[in-house]
Amino acid sequence: MGARSCLVVFLVSVLIIISLSSSVLGRQYKQLAAIHVTNSMPKGSGPMQISCKSSYTNYGMHQVDEGGEYQCGVQERAVYFCMALSGRQMASWHAFQPSRDGSRKAVYWLLKDDGIFLSWDNSTWVRKSVWESE
Ligand SMILES: *[C@@H]1O[C@H](CO)[C@@H](O)[C@H](O)[C@H]1NC(C)=O
């Protein structure tokens, strides 16, 4: 191999390594935190509909059974809204809020009869919102 083709092989390898590592870093950077939403409504409430979105990402509507959990990722440092429908009741809240949640890796939400509760450790809960009915 001549000096020139050696140089070409070297440069191509460097480019491949750079593009692989930046896509790996990019992916790590993309998931800032996880939003967990648990349906803890009383027995017999039936499944609920949950949808979460930010200005940039929309996760669409998902059905979550009694006792079930919905999970989605925080992709940008932006406010994420979630909305839940259970029977004739509706709730919407800030599921992720950079000024409140900082660099925490997980935000837990418990949807109970008496409100919408936030936790950062999945064990201590604070009520942040209530259901509205039409
Ligand atoms: C949160 O806690 C509940 C009750 O202990 C458990 O069932 C659930 O798996 C936990 N969720 C996560 C994401 O760890």
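- An unreviewed UniProt entry lists the protein chain under the name S-protein homolog, with Hibiscus sabdariffa as the source organism.
- Per UniProt, the protein chain carries the Sequence similarities (unreviewed entry) text "Belongs to the plant self-incompatibility (S1) protein family."

### What to know about the environment of Leu32
Thinking step 1. Locating Leu32 in the fold gives a position in the loop between α1 (3–30) and β1 (33–39).
Thinking step 2. Placed 45 residues apart in sequence, Leu32 and Arg77 show a C-alpha to C-alpha distance of 7.6 Å.

### What to know about the pairing of strand β9 (residues 126–129)
Thinking step 1. Note that strand β8 (residues 115–119) and β9 share three bridges and pair antiparallel. By the bridge assignment, Phe117 is partnered in β9 with Arg127.

### So, the site of the ligand
Thinking step 1. Around the ligand, a shell composed of His36, Glu69, Tyr108 and Asn122 is seen.
Thinking step 2. A distance of 2.4 Å separates an oxygen atom of the ligand from a polar side-chain atom of Asn122.
Thinking step 3. Within the complex, the protein chains bury 33% of what would otherwise be the 360 Å² of accessible surface of the ligand.
Thinking step 4. Each residue belonging to the shell around the ligand can be placed in one class, and the counts come to one nonpolar, two polar and one charged.

Definitions and cut-offs
- Residues numbered from 1 in each chain as written.
- Predicted model: local features only at pLDDT ≥ 70, side-chain atom pairs only at ≥ 80, totals over all residues.
- Heavy atoms only, no water.
- UniProt positions renumbered as here; feature names shortened; annotations may be inferred.
- Helix = DSSP H or I, 4+ residues; strand = E, 2+ residues; numbered from the N terminus.
- Pairing = 2+ DSSP bridges.
- Near = heavy atom within 4 Å.
- Polar contact = N/O pair within 3.5 Å; in protein donor to acceptor, adjacent residues only side chain to side chain.
- Areas by Shrake-Rupley, 256 points an atom, 1.4 Å probe, with all protein chains shown as cover.
- Nonpolar A, V, L, I, M, F, W, Y, C, P; charged D, E, K, R; others polar.

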